[in-house]
Amino acid sequence: MSDRAPVFHWFLPTGGDGRDPGGVTAVQGRTGAATRRPADVGYLAQVAQAAEQAGFVSLLAPVGLGCVDPWILGAALTRHTGRIGFLIAFRAGLASPTLIAQQADAFRRFAGGRLRLNVVTGGDPAEQRAYGDWLAHDERYARTDELMSVLRELLAGQRVDHRGAHLHLEGAQLVDPAVEHPVPLYFGGASPAAEQVAARRADVQLLWGEPPSAIGERIGRLRALAAGQGRTLRYGLRLHVISRDTAEQAWAEADRILAGIDPAAVRASQARFAAMDSTGQARMAALHGHGTGAGRELVVAPNLWAGIGLVREGAGTALVGSHDEVAARLAEYHALGIEEFVLSGYPHLEEAYRVGEEVVPRVMALVAQGN
């Protein structure tokens, strides 16, 4: 069990949002204009303000073809919020680390240090090619390793000369960097190549929601890898939440979402996911065939439901249940070593209040009792 109290973040639905089951569809396959609530600044500012008022620490701004640019969005939303931070995702290798460091330094300077970075290597070869990136899986992670090393040094105010297999910089340096605001590096990836990068470079390793036994196994392996590098990692979990006053109400909502998903969308999404070279995505897909429970074959562990992953890439599981049940499951993950949670729910505006007001305090109380 971690000695640190859990930290809670919320998700910005930059591909659009809504209450309709269609809002759960694969991010890359739609835009904000195709959903009930388009991803414009007006709506996303409401989500950000709700998350801030509900007590969340930061907002994850995702990156991908179906998302608005996270840097520009985050900068815009700093003008509509006062405390909450921004976990800005960016694709490693698609821009110079010097340029990324300049962007990050400007953001932390103008937003009073409210910045975390989520380094995304990319697990969909088709999407990577759309960005002009043709490297194979392990080469992408080797490039990410170099970039994270250089980026950390630049953000710390160091002058960098680097010649590697993928990056070559001479005299890279920030002018008057805002080093009083350190920028933690969050990172995701489940392959052996990704875990080696995490052990060497990450501050927080993000995992997708798998059964506790699988999460415990991964944390154990990552701890050993990080110890071999003389380092200690922190661990975060990316999950959806369907939490209601009663379990019956929560499962009714999950059933409503599932009933509204077009079977053709499931087939198309699963075919696209199968073509990816992401180990994490493969682990999400594998959960669909290991469900238990009468009438709920997509339940893969107590309160852990894999229905979201039928049509949504990336994080594809949700904790479903009463507020007490969901809080208990999150406390169990914390006991395994998860210190940070990046949560979401549909629609993200209303659910930010519900989860922040009903679930988070219960988790905090359970963790305090356990300590």
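Structure: see above.
So, here's what we can say about the structure. Here the structure is a predicted model, which is why all the values come from computation and not from measurement. (Residues numbered from 1 in each chain as written. Predicted model: local features only at pLDDT ≥ 70, side-chain atom pairs only at ≥ 80, totals over all residues. Heavy atoms only, no water.)

## Some details on the pattern of salt bridges
Short version of the rule: By salt bridge we mean one thing: a side-chain nitrogen of Lys or Arg within 4 Å of a carboxyl oxygen of Asp or Glu. Each helix is a run of DSSP H or I of at least 4 residues and each strand a run of E of at least 2, with the numbering of both proceeding from the N terminus. We call a residue buried when its accessible area falls under 20% of the maximum for its residue type, exposed when it is over 50%, and partly exposed in between, using a 1.4 Å probe and counting protein chains only.
Scanning all chains against the criterion turns up 24 salt bridges. In this structure, the salt-bridge partner of Glu 195 is Arg 218, at a minimum N-O distance of 3.2 Å. Note that Glu 195 is positioned in helix α6 (residues 192-201) and Arg 218 in helix α7 (residues 212-228), a separation of 23 residues in sequence. Residues Glu 195 and Arg 218 agree in their burial class; the two are buried. One salt bridge in this structure joins Arg 354 and Glu 351, with 3.0 Å as the shortest N-O distance. With Arg 354 and Glu 351 both in helix α12 (residues 348-370), this residue pair falls three residues apart, about one helical turn. Residue classification places Arg 354 among the partly exposed residues on the basis of a relative accessible area of 28%. Exposure remark for Glu 351: the relative accessible area of 2% places this residue in the buried category.

## Some points on the environment of Val 57
Worth spelling out the cut-off: Pairs of residues are marked as contacts when any of their non-hydrogen atoms sit within 4.5 Å.
Inspection of the secondary structure puts Val 57 in the loop between α1 (41-53) and β2 (58-61). Sequence separation between Val 57 and Val 342 is 285 residues, and the spatial gap between their C-alpha atoms is 9.8 Å. Here Val 57 is in contact with Val 7, Phe 8, His 9, Arg 83, Ile 84, Gly 85 and Arg 116, once residues within four sequence places are set aside.

## Observations concerning the nonpolar core
Across soluble globular proteins, nonpolar side chains have a tendency to be buried as a group. Selection criterion: Residues belong to a common nonpolar core when they are buried Ala, Val, Leu, Ile, Met, Phe, Trp, Tyr or Cys residues joined through side-chain atoms within 4.5 Å.
Membership of the largest hydrophobic core comes to 83 residues, with the highest contact counts inside it found for Leu 117 and Leu 330. Not counting residues up to four positions away in its chain, the partners in contact with Leu 330 are Phe 8, Leu 239, Leu 319, Phe 341, Leu 343, Val 359 and Val 363. With 17 residues, the next largest nonpolar core counts Ala 250, Ala 254, Ile 308 and Leu 310 among its residues.

## Remarks on the environment of Gly 82
Within the element layout of this structure, Gly 82 appears in the loop between α2 (70-78) and β3 (85-91). Taking relative accessible area as the criterion, Gly 82 reaches 62% and is therefore assigned exposed. For the pair Gly 82 and Ala 111, spaced 29 residues apart in sequence, the C-alpha separation works out to 8.9 Å. Sequence-distant contacts of Gly 82, defined by excluding residues within four places in its chain, comprise Glu 52 and Arg 114.

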